[in-house]
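Observations on the model geometry
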Amino acid sequence: MEDASPATFHPTCRQALGRGLYLGAVVAVVAVAAAAVVAPPGWVWPMLAFGPPAAGALLGLVIGRRTGTEISAGGIRTLSIFADDVAPWHRVVDLRAERRGGRTVVSVYLDSGASVQLQAPYDGGLFAADPRFELKMFALSHIWRSNRFGGLPG
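We now turn to the structure provided with this report. (Residues numbered from 1 in each chain as written. Predicted model: local features only at pLDDT ≥ 70, side-chain atom pairs only at ≥ 80, totals over all residues. Heavy atoms only, no water.)

What follows is about the nonpolar core. Of all hydrophobic cores here, the largest spans 16 residues; its most connected members are Ile76, Val92, Leu95, Val106, Val108 and Leu140. Those elements that place two or more of their residues in this core are strand S5 (92-100), strand S6 (103-110), strand S7 (115-123) and helix H3 (133-149). Not counting chain neighbours up to four residues away, the residues in contact with Val92 comprise Ala87, Val108, Tyr109, Leu110, Trp144 and Arg148. (Core = buried A, V, L, I, M, F, W, Y, C linked by side-chain atoms within 4.5 Å. Buried < 20%, exposed > 50% of the residue type's maximum accessible area, 1.4 Å probe, protein only. Helix = DSSP H or I, 4+ residues; strand = E, 2+ residues; numbered from the N terminus. Contact = heavy atoms within 4.5 Å.)

So this is what it looks like as structure tokens:
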């Protein structure tokens, strides 16, 4: 990426916390169900029920804030804890906000026909809400048009 100061979008703290709590709650349900078979002592039950959501919330804040999208003159780079991917502007055909499940996400359509869902920004209900989503989507669209077509039309 050539630009020294790229625009970067990350999940909000509330979104990262919500995702961590959700995954921690799923782990807690599985742990409690597994423990029901083993029948551990009584003091273990609160740890099984409340430990995973608390750990998930902490991990969600740490890991969730490391994922996102970086925009520069070179293109769109998705940031993830597992792998990063870059789509240069000349390969990006369209940029859209779409409903996927209960969220509005940004999808990037490439000249190969593939589409990539960006890690951020996104908008949804409760913890997934981002009050600045429209502003971020407008900024993404403006940067894409500026790099792809040389500015906004008209």
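On we go.
Glancing now at the packing of helix H1 (residues 13-38) against helix H2 (residues 44-64). With their axes 6 Å apart at the nearest point, H1 and H2 run at an angle of 150° to one another. When the interaxial angle is binned, H1 and H2 end up roughly antiparallel. The two elements H1 and H2 cross, and the hand of that crossing is right-handed. In terms of residue class, the contact of H1 with H2 is built from 18 nonpolar, five polar and no charged. (Axes fitted to C-alpha atoms, helices over the stretch in contact; angles between N-to-C directions. Parallel < 35°, antiparallel > 145°, perpendicular 65-115°, else oblique. Left-handed = near helix turned anticlockwise from the far one by under 90°. Nonpolar A, V, L, I, M, F, W, Y, C, P; charged D, E, K, R; others polar.)

Let us now look at the packing of aromatic side chains. All chains considered together, the criterion is met by zero aromatic pairs. Taking the ring centre of Tyr109 as reference, the NZ or CZ of Arg96 above it sits at 4.3 Å. (Phe/Tyr/Trp six-rings, centres within 6.5 Å; stacked < 30°, edge-to-face > 60°. Lys NZ or Arg CZ within 6 Å of the ring centre and 35° of its normal.)

Attention now goes to the sheet that holds strand S2 (residues 68-72). Strand order in this open sheet of four strands is S1-S2-S3-S4, and the pairing throughout is antiparallel. At either end of the open sheet lies a strand with only one pairing partner, and these are strand S1 (7-9) and strand S4 (85-88). Direction aside, the axes of adjacent strands within the sheet are offset by 15° on average. Note that strand S3 (residues 75-79) and S4 share four bridges and pair antiparallel. Bridging across to S4, Ile76 finds its partner in Ala87. (Pairing = 2+ DSSP bridges.)

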